[in-house]
Amino acid sequence: MNKLKETKLLGFPLWMFLILFVVMIFVAAKDIMLSNMVGALCFALVVGTLLGWVGDHIPVWNTWFGGGMLFTCLAAGALNTFNLIGQGAKDALNTFNGTTGFLDLYILVLITGSVLSVDRKMLIRSFAGYIPTIIAGVACALGLAGIVGAVTGVGALEAIMTYAIPIMGGGNGAGIQPMSKMWAAATGGDASTWFASAFAIISLGNLVAVFCSALLNKLGQAKPSLTGNGQLMKGFENVGSNDPAASIKPGPMDYATGLVLGLFCYNLATLYANHISIINNHLDLGFTIHQFAFMVILVAILNISNILPPEIRAGAKGMQMFFVKYMSFPLMITVGIGTNLSDYAKVFTNPANLLIIIATVAGAMIGTYLMGMVFKFYPVESMLTAGLCMANGGGSGDVQCLGAANRMEMMSYAQISSRIGGAIMLVIASFFFGRFL
């Protein structure tokens, strides 16, 4: 009881924060919440922070099921599913996450801080082996799903095309949405029919991936030799000890500078992706490369060139830590509010469906583990980023998986999986749909 009295959330005593929570739930339920960014951010901060704190303190759940990150997302889904908040509040939160770009802001801050925190030599060596590791995970995921599909009577090709390809496809916007159009072009059917089924499948696949992320975290704690504790490659354990940026305590201006750098890199990457990139604008390959992939490359170039002063890199790292600590739970509110919990139930109509989904996620982990060993990647980090961040729900799934594994600093690798890996999956989907449908 004394510990509860001493608990503070965002600096508020717990009893005071509970009052804020009740007020925000009330105004959202009555649909009198400000229907703009201010209202959405206030609701997400207050409700998300408390729900995240609760999820992190539920026994068993906080150890094996993703803790506060997944709990907050599912709780937000419950608010939506059971209409516990008004439609105006839902729309404001969805707009804040999507059109306003809260998720984009969160990811770009994490990319900037995480890439600039990695040793330059390790960055080059790890990126060189990362794409082959992703491809190995995809191959194993599709292969294992096909085997389980054949054994359960669903059919190998059906399991691969209906389950494994959507799960490994990089999420919603960059994954199953364009895939649904490919499916419609190949079959002459309605794209929305395939999309509705695929969305339910990737939703459950994301849950399995988050659960496995928590398992990997526990594996790393039980077997320290299997993890770099957020570092991908073996042999670089002490490379950051002599980095001048590591000894700098960033001040307000450094935080602002790090944020500006991230925003600038994101906008420059968007400009390149939309107007300059040969792949996106001049080649008809059936897919495009997301701006976040270009942003990772741009920030990596800045790191490798060593042209940024240590204060800027320290500020970028400080902003990353701030967003991870204070903005992760609010983000999960805006992500989960667009979820309907009934979508998860659709997949359980046939136990074989769940087995194929689990096999797909397990295959992604097995393939990345085996190939990661070739490139001297730590098993926990390679399976998490190259495997599970391919098998989750895209950008929001990356946040959930890394949060469940307590390795948010690996966002740059997760985005390579979701974005470049997702583009690879569009090519694979195009082949399978065109050849076998």
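Use the structure listed above.
Residues numbered from 1 in each chain as written. Predicted model: local features only at pLDDT ≥ 70, side-chain atom pairs only at ≥ 80, totals over all residues. Heavy atoms only, no water.

Colleague: Give a description of the overall build of the protein chain that names residues and reports values.
Modeller: When helices and strands are tallied, the protein chain shows 21 helices and two strands. For the protein chain, whose C-alpha radius of gyration is 21 Å, the value lies close to the compact-globule estimate of 22 Å for 437 residues. For the protein chain, the spread of C-alpha atoms along the three principal axes comes to 60 × 55 × 50 Å. Going through the 437 residues of the protein chain one by one, you find that 53% of them count as buried. Contacts spanning at least 24 positions in sequence make up 78% of the contacts within the protein chain whose residues lie at least 6 apart. When the accessible surface of the protein chain is totalled, it reaches about 18,500 Å², and 66% of it is carbon and sulfur. (Helix = DSSP H or I, 4+ residues; strand = E, 2+ residues; numbered from the N terminus. Rg over C-alpha atoms; globule rule 2.2 N^0.38 Å. Buried < 20%, exposed > 50% of the residue type's maximum accessible area, 1.4 Å probe, protein only. Contact = heavy atoms within 4.5 Å. Areas by Shrake-Rupley, 256 points an atom, 1.4 Å probe, with all protein chains shown as cover.)

Colleague: Just give me the short version of the pattern of salt bridges, but keep the residues and values in it.
Modeller: All chains considered together, the criterion is met by one salt bridge. Between E381 and R407 there is a salt bridge, and its shortest N-O distance comes to 2.8 Å. Of this pair, E381 sits in helix α19 (residues 379–388) while R407 is found in the loop between α20 (395–404) and α21 (411–436), placing the two residues 26 residues apart along the sequence. Accessibility assignment for this pair places E381 and R407 in one class, buried. (Salt bridge = Lys/Arg side-chain N within 4 Å of Asp/Glu carboxyl O.)

Colleague: Break down a nonpolar patch on the surface for me, with residues and values.
Modeller: Judged by side-chain polarity, F264, L268, L271, Y272 and I276 come together as a nonpolar surface patch covering roughly 460 Å² of accessible area. You can see L268 is positioned in helix α12 (residues 252–276). (Patch = residues over 30% accessible without salt bridge, like charges linked within 9 Å, V, L, I, M, F, W, Y side chains within 5 Å.)

Colleague: I'd like a rundown of α21, residues and numbers included.
Modeller: A rise of 1.5 Å per residue sets the reference length of α21, with its 26 residues, at 38 Å; its end C-alpha atoms lie 35 Å apart and thus fit the reference within 8%. In α21, a bend of some 30° at G422 exceeds every other bend along the element. (Expected span 1.5 Å × (residues − 1). Bend = angle between axes of the 7 residues up to and from the residue.)

Colleague: Please provide a residue-by-residue account of the environment of N340, values included.
Modeller: Looking at the element boundaries, N340 is found in the loop between α16 (328–336) and α17 (342–346). N340 sits in the partly exposed class, given a relative accessible area of 29%. Separated by 137 residues in the primary sequence, N340 and S203 place their C-alpha atoms 9.8 Å from one another. Contacts of N340, omitting those with residues within four sequence positions, involve N80 and T81.

Colleague: Lay out the nonpolar core with the relevant residues and their values.
Modeller: Core analysis: the largest hydrophobic core is formed by 133 residues, its most contacted members being F43, L142, I165, M168 and M295. Dropping the residues within four chain positions of it, M168 is found in contact with G137, V138, A141, L142, T360, A364, M390, A391 and M425. (Core = buried A, V, L, I, M, F, W, Y, C linked by side-chain atoms within 4.5 Å.)

Colleague: Describe the side chain of T133, listing the residues and the values that go with them.
Modeller: With respect to the secondary-structure elements, T133 resides in helix α8 (residues 120–152). With a relative accessible area of 0%, T133 lands in the buried category. Separated by 2.7 Å, the side chain of T133 and the backbone oxygen of G129 make a polar contact. (Polar contact = N/O pair within 3.5 Å; in protein donor to acceptor, adjacent residues only side chain to side chain.)

Colleague: Can you break down the packing of aromatic side chains residue by residue, with the values?
Modeller: Any aromatic ring pair is given by two values, namely how distant the centres are and how the planes are angled relative to each other. For the structure on display, the rule yields 16 aromatic pairs. Taken together, a centroid distance of 6.3 Å and an interplanar angle of 80° make the contact between W61 and F71 edge-to-face. One end of the pair, W61, is in helix α4 (residues 61–64); the other, F71, is in helix α5 (residues 67–81), and ten residues separate them in sequence. Judged by relative accessible area, which is 21%, W61 ranks as partly exposed. Joined through ring pairs, the aromatic side chains of Y106, F322, F323 and Y326 make up one cluster. (Phe/Tyr/Trp six-rings, centres within 6.5 Å; stacked < 30°, edge-to-face > 60°.)

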